[in-house]
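Observations on the three-dimensional arrangement
As a plain string of letters, each chain reads:
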Amino acid sequence: MKHLLISTLLLLLIACSSPAPQQEAVLLSTPTQVATVTTPPTRTSTPTTTPAPQPTATVTPTATVTATPTPDPLAVYAADMRPAFVDDIAAHANLPRYALQMQVDPAAGLLAGRVQITFPNTTGTPLPDVALRLYPNFARDLLGKSGGIWMEITDSSIDGQPVTASYLAQDTAILLPLPDPLQPGETTHLNVGFRAAMTPWSDGTWPLPSYYPMLAVHDPANETWRLDVTEFPDRVFSESALYTAEITVPAHLTVVTSGQITDTQAWDTGYTTYYASTGPVRQFALTVGDFAVAETSAADVQVRVYQARANGYDIQTIAQVAADALSVFAQRFGAYPYRELDLHLLPYTFDGGDEYPGLIFVYTDGIDAGARYVTAHEVAHQWWFALVGNDIYREPWLDEAFAQYSGIIYAEEHAGSVVAEADWEREVLQRYRGALADGDLPVGWAISDYPNFNVYYRTVYGKGAVFLRTLRTVVGDEAFFAALQSYYQSHRYGVATTRDVQHAFETASGQDLDSLFGEWGVRQGS
Ligand SMILES: [Zn+2]
């Protein structure tokens, strides 16, 4: 997440109000009210003039797992990978595998879906249950986005046996009891039907990130599932998995997803099904709309920027910024392994963004220096957050300070020193001065340790980026980038910690950095 060109006052105003454009058409309903909502469309076998999506078996519990069965169960995921990284699939074959099916019905404001998850117990401890997060049930965030919608479970089974899901954590999670504890090394199969309200953005598009029940992260220290809830803008803490998806939408709309669209099927009923797959990714995001698209590439990575046709922003410029940032980060941090990166540009009252693997949402009030910087920041999150994961609740600096400083690295290499210094002043130093006024709090705190979002924002984004530049000065450019390369290579697709960062920099530089990390309050999270 990144927000910029916002004065502290404006930020406070935003944090205290809820101006989200998508509120206008929101279906304000809670899971307990769902019985009053129109029943989701059901399958029929004949063409119809009704708007109900109906051409596929996508919500029946017995639906097949992949669109194109193949003798090699891993082959479908390779479509997302650049040739040099196809082997990453086999190397991570023990990741959970999701098969998603969704019917998107914008006219009714409803999404009906099913998720089948092949879940290997790699926690090292017997599991009596499995927790899934329902991220759409999070409350509206402090910046006025998300919230006001609901997701509910329609049925659930484990290894073919129906089980009763219990809602937890303010309905942001369900717990599925296992018939017998799942032993380490054993695999189980979850099958969960769900439906959810959808709300359009102000431009009539339908961003749908995290719109399915998603495995929670197991906390080995406490032998519990992590069910954190926050009103801060970022809320998804997840581990990498392999995905296939079948998404059915009215034919006049286009689906853009994490990973690759591998096939489409137009039905004679006015609907189209998109088939998608991913390599190892931290979650699966999609967006739906009637889009204009701009396209470019960075080496053999396709970069596409989408917007509602009527918006008219210069998305070709954003595509080029994203491609240039991708090239800079690939060279500085390590190669981007996927074949594609998509961005969806959305009109908003200020510049900001939300990062998802392979699909970035950029919010903007115009194509200017702020939009350029925020695009680079969000592209950097593909490395810091998506590929190298972190506990965003307990160690948020690991993705946000890194992305913030990466935006400066992009500017240095692509926009020249004058622009880079202007970005440094506007995006970092202004926040850093605010962080000092806030009491010069530690960079490495958990989000709940900060007294409010603004203090968190100024400290982690502003002071955190200053810490990284200080670290670069102390160890020198060669060791700095060698450390980032090593850190990336060691933790790609995994979840890294502050300790891993310190280790990478100490190894690359040969220096004991304990006191420097300590001075800046960069300590292993609680
Ligand atoms: Zn960010």
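Report follows, based on the coordinates. If you're wondering where the values come from, they're calculated on a predicted model, not measured in any experiment.

**Observations regarding the overall build of the protein**
When helices and strands are counted, the protein shows 10 helices and 25 strands. When the 526 residues of the protein are sorted by exposure, 52% land in the buried category. Here the analysis covers contacts within the protein between residues at least 6 apart in sequence; of these, 70% occur between residues at least 24 apart.

**Quick word on the pairing of strand S16 (residues 260-266)**
Across 6 bridges, the pairing between S16 and strand S17 (residues 271-277) is antiparallel. Paired with Thr264 across the strands is Tyr274, a residue of S17.

**Brief notes about the packing of helix H5 (residues 397-414) against helix H6 (residues 416-437)**
Running from N to C, H5 and H6 cross one another at 160 degrees; their axes reach a closest spacing of 8 Å. With respect to H6, the element H5 is oriented roughly antiparallel. As H5 packs across H6, the resulting crossing turns out to be right-handed. Here Gln404, Gly407, Ile408, Ala411 and Glu412 of H5 lie close against H6, whose contacting residues are Ser417, Val419, Ala420, Asp423, Trp424, Glu427 and Val428. Taken together, the residues that form the contact of H5 with H6 break down as 6 nonpolar, 3 polar and 3 charged.

**Considerations on the sheet that holds strand S2 (residues 97-105)**
Hydrogen bonds between backbone groups are what pair the strands of a sheet, and the pairing can be parallel or antiparallel. Sheet architecture is open: 8 strands sit in the order S6-S5-S9-S3-S2-S14-S17-S16, paired in mixed fashion. Both outer strands of the open sheet, strand S6 (161-162) and S16, are each paired with one neighbouring strand and no more.

**Focus on the environment of Gly259**
You can see Gly259 is positioned in the loop between strand S15 (254-257) and S16. Separated by 82 residues in sequence, Gly259 and Leu341 place their C-alpha atoms 8.1 Å apart. Not counting residues up to four positions away in its chain, the partners in contact with Gly259 are Asp80, Tyr243, Ala276, Ser277, Thr278, Val281 and Gly358.

**Topic: the nonpolar core**
Most often, soluble globular proteins have nonpolar side chains that are buried together. Grouped together as the largest cluster of nonpolar side chains are 158 residues, with contacts concentrated most on Leu132, Ile318, Ala322, Ala325, Leu326 and Ala401. For this core, the leading source of residues is helix H7 (residues 453-475), giving 11 residues. Each residue touching Ala322, except ones within four places of it in the same chain, is listed here: Val303, Val305, Leu341, Leu343, Thr375 and Val379.

**As for the pairing of strand S18 (residues 285-289)**
Here S18 lies mainly inside the structure; 5 of its 5 residues are buried. Side chains Ala285, Thr287 and Gly289 of S18 all project onto a buried face; the interleaved residues Leu286 and Val288 project onto the opposite face, where all are buried too. Looking at chain direction, strand S10 (residues 206-209) and S18 are connected through 4 bridges and run antiparallel. The partner of Pro207 across the bridge, within S18, is Thr287. As paired strands, S15 and S18 are joined by 4 bridges and run antiparallel to one another. Within the sheet, the bridge partner assigned to Val256 lies in S18 and is Thr287.

**Section: the sheet that holds S10**
Spatial ordering of the open sheet is given by S10-S18-S15, a layout of 3 strands whose pairing is antiparallel. Across the chains shown, the open sheet's two edge strands, defined by having one partner strand only, are S10 and S15. Taking each pair of neighbouring strands and ignoring which way they run, the sheet shows an average axis angle of 15 degrees.

**As for helix H4 (residues 369-380)**
Here H4 contains 12 residues, and its C-alpha end-to-end distance of 17 Å stays within 8% of the 16 Å for a straight helix at 1.5 Å per residue. Extensive coverage of H4 is indicated by the burial of 11 of its 12 residues. All of the buried residues along H4 are Gly370, Ala371, Arg372, Tyr373, Val374, Thr375, Ala376, His377, Glu378, Val379 and Ala380.

**Some remarks on the packing of H5 against H7**
Packing of H5 against H7 leaves a shortest axis separation of 8 Å and a crossing angle of 70 degrees. In terms of their interaxial angle, H5 and H7 are classed as roughly perpendicular. Considering only the axes of H5 and H7, their crossing is right-handed. Across from Trp397, Glu400, Ala401, Phe402, Gln404, Tyr405 and Ile408 in H5, the residues of H7 making contact are Val460, Tyr461, Gly464, Ala465, Phe467, Leu468 and Arg469. In the contact of H5 with H7, the residues fall into 10 nonpolar, 2 polar and 2 charged.

**Quick notes on unusual backbone geometry**
Even without being glycine, Asp159 reaches a positive phi, approximately 50 degrees. Assignment of secondary structure puts Asp159 in the loop between strand S5 (151-158) and S6. On the basis of neighbour count, Asp159 is assigned to the partly exposed category, with 13 C-beta atoms found within 10 Å. One non-glycine residue with positive phi stands out, namely Asp171, at about 65 degrees.

**Some details on the environment of Arg114**
With respect to the helices and strands, Arg114 occurs in strand S3 (residues 110-120). With 25 C-beta atoms packed within 10 Å, Arg114 lands in the buried category.

**Thoughts on the environment of Asp263**
By the secondary structure assignment, Asp263 is in strand S16. The spacing of Asp263 and Glu246 is 17 residues in sequence and 9.5 Å in space, taken between C-alpha atoms.

**Side note on H7**
Under the 1.5 Å per step criterion, the end-to-end length of H7 is 31 Å for 23 residues, consistent within 8% with the ideal 33 Å. Along H7, the sharpest change in direction is near 25 degrees and occurs at Gly464. Just downstream of H7 lies Gly476, where phi reads positive at about 90 degrees.

Cut-off values and rules
- Residues numbered from 1 in each chain as written.
- Predicted model: local features only at pLDDT ≥ 70, side-chain atom pairs only at ≥ 80, totals over all residues.
- Helix = DSSP H or I, 4+ residues; strand = E, 2+ residues; numbered from the N terminus.
- Buried ≥ 20, exposed ≤ 12 C-beta atoms within 10 Å, placed from the backbone.
- Contact = placed C-beta atoms within 7 Å.
- Pairing = 2+ DSSP bridges.
- Axes fitted to C-alpha atoms, helices over the stretch in contact; angles between N-to-C directions.
- Parallel < 35°, antiparallel > 145°, perpendicular 65-115°, else oblique.
- Left-handed = near helix turned anticlockwise from the far one by under 90°.
- Nonpolar A, V, L, I, M, F, W, Y, C, P; charged D, E, K, R; others polar.
- Core = buried A, V, L, I, M, F, W, Y, C linked by C-beta atoms within 7 Å.
- Expected span 1.5 Å × (residues − 1).
- Bend = angle between axes of the 7 residues up to and from the residue.

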